[in-house]
Amino acid sequence: MDDRALNLRLHAACSIAAEAGALARHLFLNRPQGDYALKGPQDYLTEADGAVEALVRERLATVFPDDGMIGEETGGSSAAATWIVDPIDGTANFARGVPHFCVSIGLLVNGRPELGAIAAPMQNELYAARRSRGATLNGRPIRAAATGALSEAVVELGWSPRRPAADYLTMTERVLASGASVRRAGSGTLGLAYVAAGRSDGYAELNIRAWDVLAGLVLVAEAGGLVNDFFAAPDWLTGAPVLVAAPGIGAALSEIVGIPLSTAGS
Ligand code: IPD
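Conventions adopted
- Residues numbered from 1 in each chain as written.
- Predicted model: local features only at pLDDT ≥ 70, side-chain atom pairs only at ≥ 80, totals over all residues.
- Heavy atoms only, no water.
- Helix = DSSP H or I, 4+ residues; strand = E, 2+ residues; numbered from the N terminus.
- Core = buried A, V, L, I, M, F, W, Y, C linked by side-chain atoms within 4.5 Å.
- Buried < 20%, exposed > 50% of the residue type's maximum accessible area, 1.4 Å probe, protein only.
- Contact = heavy atoms within 4.5 Å.
- Near = heavy atom within 4 Å.
- Polar contact = N/O pair within 3.5 Å; in protein donor to acceptor, adjacent residues only side chain to side chain.
- Areas by Shrake-Rupley, 256 points an atom, 1.4 Å probe, with all protein chains shown as cover.
- Pairing = 2+ DSSP bridges.
- Axes fitted to C-alpha atoms, helices over the stretch in contact; angles between N-to-C directions.
- Parallel < 35°, antiparallel > 145°, perpendicular 65-115°, else oblique.
- Left-handed = near helix turned anticlockwise from the far one by under 90°.
- Nonpolar A, V, L, I, M, F, W, Y, C, P; charged D, E, K, R; others polar.

Student: Summarise the environment of M1; cite the residues concerned and give the values.
Tutor: With respect to the element layout, M1 can be found in the segment before α1 (3-29). Separated by 109 residues in sequence, M1 and N110 place their C-alpha atoms 9.4 Å apart.

Student: Before we move on, can you summarise the nonpolar core with the specific residues and values?
Tutor: Ranked by internal contacts, the top residues of the largest apolar core, which has 37 residues, are Y127, L217, L219 and F230. Looking at this core, the elements that each hand over two or more residues are β6 (102-109), β7 (112-120), β8 (125-130), β9 (135-137), α5 (188-196), β13 (202-208), α6 (210-222) and β15 (240-245). Looking at this core element by element, the count peaks at 9 residues for α6. The residues contacting L219, other than those within four sequence positions of it, are I118, Y127, A128, A129, A135, T136, I142, A193 and A196. In this structure, L55, L60, V85 and V109 belong to the second largest nonpolar core, which totals 32 residues.

Student: So what about the site of the ligand? Which residues, and what values?
Tutor: Close to the ligand lie 18 residues; D89, G90, T91, R162 and E205 are nearest. Side-chain polar atom of R162 to an oxygen atom of the ligand: 2.8 Å apart, as the coordinates give it. At 3.3 Å, a backbone N or O of S187 approaches an oxygen atom of the ligand. Protein contacts shield 90% of the accessible area of the ligand, which totals 380 Å² for the unbound molecule.

Student: A description of the sheet that holds β7 should follow, citing residues and the corresponding values.
Tutor: Hydrogen bonds along the backbone pair up the strands of a sheet, which may run parallel or antiparallel. The strand order β4-β3-β5-β6-β7-β8-β9-β10 describes an open sheet built from 8 strands, whose pairing is mixed. Two strands in the sheet have a free side with no partner beyond their single neighbour: β4 (75-77) and β10 (140-141). Across 3 bridges, strand β3 (residues 68-71) lies against β4 in antiparallel orientation. By the bridge assignment for β4, I70 is matched with G76. Along the sheet, α1 contacts β5 (81-89), β6, β7 and β8; its crossing angle with β7, the most-contacted strand, is approximately 30 degrees. Its contacts with the sheet put α5 on β5, β6, β7 and β8, and the angle it makes with β7 is roughly 100 degrees.

Student: Got a sec to walk through the sheet that holds β13? Specific residues and values, please.
Tutor: Here we have 5 strands laid out as an open sheet, ordered β12-β11-β13-β15-β14, and mixed in their pairing. Two strands lie at the open edges of the sheet, namely β12 (181-183) and β14 (226-227), each paired on one side alone. Relative to β15, β13 runs antiparallel, the two being bridged by 5 bridges. Counted as the bridge partner of Y203 is V244 from β15. In the packing of α5 onto the sheet, the strands contacted are β11 (154-157), β12, β13 and β15, and the crossing angle to β13 comes to about 150 degrees.

Student: Residue-level account of the packing of α1 against helix α2 (residues 47-63), with values.
Tutor: Viewed as axis vectors pointing N to C, α1 and α2 meet at an angle of 160 degrees, and their least axial separation amounts to 10 Å. Taken together, the axis directions place α1 and α2 in an arrangement best described as roughly antiparallel. When you trace α1 past α2, the crossing you get is right-handed. Touching I16, E19, A20, L23, A24 and L27 of α1 are A48, A51, V52, L55, V56, R59 and L60, all from α2. The residue makeup of the contact of α1 with α2, split by class, is 11 nonpolar, no polar and 2 charged.

Student: Break down the side chain of E125 for me, citing the residues and quoting the values.
Tutor: Among the secondary structure elements, E125 is positioned in strand β8. Relative accessible area serves as the criterion here: at 14%, E125 is assigned to the buried category. E125 has contacts with I118, A119, A120, L137, N138 and R199, leaving out every residue within four places of it along the chain.

Structure representation (structure tokens):
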């Protein structure tokens, strides 16, 4: 795919993410308390997930009818260029009235993460990145933190029932023992975006879905952070480990959580 086609897609991803974010914000502010269902243990579903995914799917299909799209709620199929979309990442937060969630739209071209846009509508924040073209937050360049030691680092850890609680506890214990402080804010996508923006120094999760991380991986790599080669895992569509980190602590954190970092960037 040439430069012009990729640029067009980055602009479209940003404007669709912003529009989808505005819809998510409206639905969040007007939702009745307790209005959610569970797809499984701790796996929340709200009406907003479906409505936002339908909007993104319709917009992408209109502008790029030959591209594939895979969404968290309604699946889809892949093509040479495939959009991977999480309509609401941080659904449990959304469902329980916590304003920390986002819309994530990423593009994979021939298996390689090329670009992503993430809208966090309650904070009026729009993150965007394209491979080799940098990462921005509301149009301004962002950089991963210059943190040089785990004793001053803030690391976010994600958890889901896809892995035993014991694995999560072991990882948490090892990170705490390293001297880093541990955060869990409930949106893997924003966890990655916060590393890109220098607000955290790392994000690790033992099994996470591609729609939670694609856009964020491009963002972190373009902000000068380190990322693992998520899409090299043969089963990435059903879940794989993720690790992103500020450059000064990446090697040490990788050793502690047992997730190798990519040597070639995203
Ligand atoms: C979840 C969140 C959570 C992460 C889980 C994801 P969802 O996505 O990103 O932080 O730990 O692995 O499944 O359900 O809110 O879209």
